[in-house]
Amino acid sequence: SDHALDYPSSPVNMDWAAHYPAFAASSKTPEFADVGCGFGGLLVTLAPLFPDTLMLGMEIRVQVSQYVEDRIMALRATSACTNPTTPASYQNVSIVRANAMKFITNYFPKHSLSALFFLFPDPHFKVRKHKARIISPTLLAEYAYVLRPGGIIYTITDVWNLHEWMRSHMDTFPLFEPVSEEDLRAEGKGPILDAVYSSTEEGRKVERNKGEKWLACFRRVEFQR
Ligand code: SAM
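Residues numbered from 1 in each chain as written. Predicted model: local features only at pLDDT ≥ 70, side-chain atom pairs only at ≥ 80, totals over all residues.

The name an unreviewed UniProt entry gives the protein is Methyltransferase, with Irpex rosettiformis as the organism.

Printed below as a string of structure tokens:
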């Protein structure tokens, strides 16, 4: 249960230096958050592409979050051995074991994130389970709070019904506006989109099974639509 989860009472109590020791002297907080990051494929793909951007994965399963922590530590250690001249390799990526549906605002200050990822979230097919879905009107208000104006929510799924659910909820939420893949690529976010499509373990599984993937992205607007 959540009682076993250690979470900060407020973002100011978060010890980011412990997560990102190479950035301890900076006042940086994470800018990218991968919610339900699973085995961490997105984080380890994006980390070298944006070496100055701090990224945090949130994962509720104990063993999976431990696996990602070990994976990051191993990557930090190997990149330090193989290329000692490269500063801070994988130093910008970290993970917390957390229930993002309950505690996301405990971690991130208001308007601190420029990207929020929901990649292949659990579908919770049954109607009575829909309240467990990671996109809902209440939670969207929290995501709007932690995202800065101009920040992007990236969602992708192989479940059409979930895609429609996420897209329609974001579409009706006044602080988000839809943004096309084409527009994001024109803004230089192509490498992020490529990673969204195919860097995660779940995304790769969908590819192996020749499944379809549906992307929906929304921009946090400054003023209500
Ligand atoms: N995003 C990853 C990927 O694409 O490979 C993992 C997808 S997996 C289907 C969904 C993940 O979300 C699982 O690892 C699950 O444990 C995690 N999860 C579900 N609810 C969560 C919550 N409330 N907070 C954090 N993680 C959650």
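Caption draft 1: Here's a closer look at the pairing of strand S4 (residues 113-119). Within S4, six of the seven residues are buried, which leaves it mostly tucked inside the rest of the structure. Examined bridge by bridge, strand S1 (residues 32-35) and S4 share three bridges and lie parallel to one another. Note on S4: the bridge partner recorded for phenylalanine 32 is alanine 115. With six bridges connecting them, S4 and strand S5 (residues 147-157) associate as parallel partners. In the sheet register, leucine 119 faces S5, and the bridge partner there is isoleucine 156. With helix H5 (residues 137-146) bridging S4 and the parallel S5, this β-α-β connection has right-handed handedness. (Buried ≥ 20, exposed ≤ 12 C-beta atoms within 10 Å, placed from the backbone. Helix = DSSP H or I, 4+ residues; strand = E, 2+ residues; numbered from the N terminus. Pairing = 2+ DSSP bridges. Right-handed = clockwise from strand over helix to strand, strands pointing away.)

Caption draft 2: Examining the nonpolar core more closely. Grouped together as the largest cluster of nonpolar side chains are 56 residues, with contacts concentrated most on Ala33, Leu116, Phe117, Ile153 and Met170. Considering each element in turn, this core owes the most residues, six residues, to S4. Each residue touching isoleucine 153, except ones within four places of it in the same chain, is listed here: Leu116, Tyr143, Leu147, Met170, Phe176, Cys217 and Phe218. (Core = buried A, V, L, I, M, F, W, Y, C linked by C-beta atoms within 7 Å. Contact = placed C-beta atoms within 7 Å.)

Caption draft 3: Molecular detail of the sheet that holds strand S7 (residues 214-220). Spatially, the seven strands line up as an open sheet ordered S3-S2-S1-S4-S5-S7-S6, and their pairing is mixed. Both edges of this open sheet fall to strand S3 (93-97) and strand S6 (176-179), since each of them pairs with a single strand only. Each strand of the sheet is rotated relative to its neighbour by a mean of 20°, with strand direction disregarded. Docked against the sheet, H5 engages S4, S5, S6 and S7, running at close to 130° with respect to S5. Where helix H6 (residues 160-172) meets the sheet, its contacts fall on S5, S6 and S7, and the angle it forms with S7 comes to roughly 15°. (Axes fitted to C-alpha atoms, helices over the stretch in contact; angles between N-to-C directions.)

Caption draft 4: Focus on unusual backbone geometry. Positive phi values are uncommon outside glycine, yet tyrosine 90 reaches one of about 60°. Looking at the secondary structure, you find tyrosine 90 in the loop between helix H3 (62-82) and S3. Non-glycine residue phenylalanine 120 carries a positive phi angle of around 50°. Turning to its location among the elements, phenylalanine 120 is positioned in the loop between S4 and H5. Overall, phenylalanine 120 belongs to the buried group, with 21 C-beta atoms counted inside 10 Å.

Caption draft 5: Molecular detail of the pairing of strand S2 (residues 55-59). Taking burial as the measure, the five residues of S2 include five buried ones, the bulk of the element. Of the strand pairs in this sheet, S1 and S2 are connected by four bridges, and their pairing is parallel. Within S2, the residue paired with alanine 33 across the bridge is leucine 56. Following the backbone out of S1, through helix H2 (residues 41-46) and into the adjacent parallel S2, one traces a crossover that is right-handed. Judged from the five bridges that link them, S2 and S3 form a sheet pairing that is parallel. By the bridge assignment, methionine 55 is partnered in S3 with valine 93.

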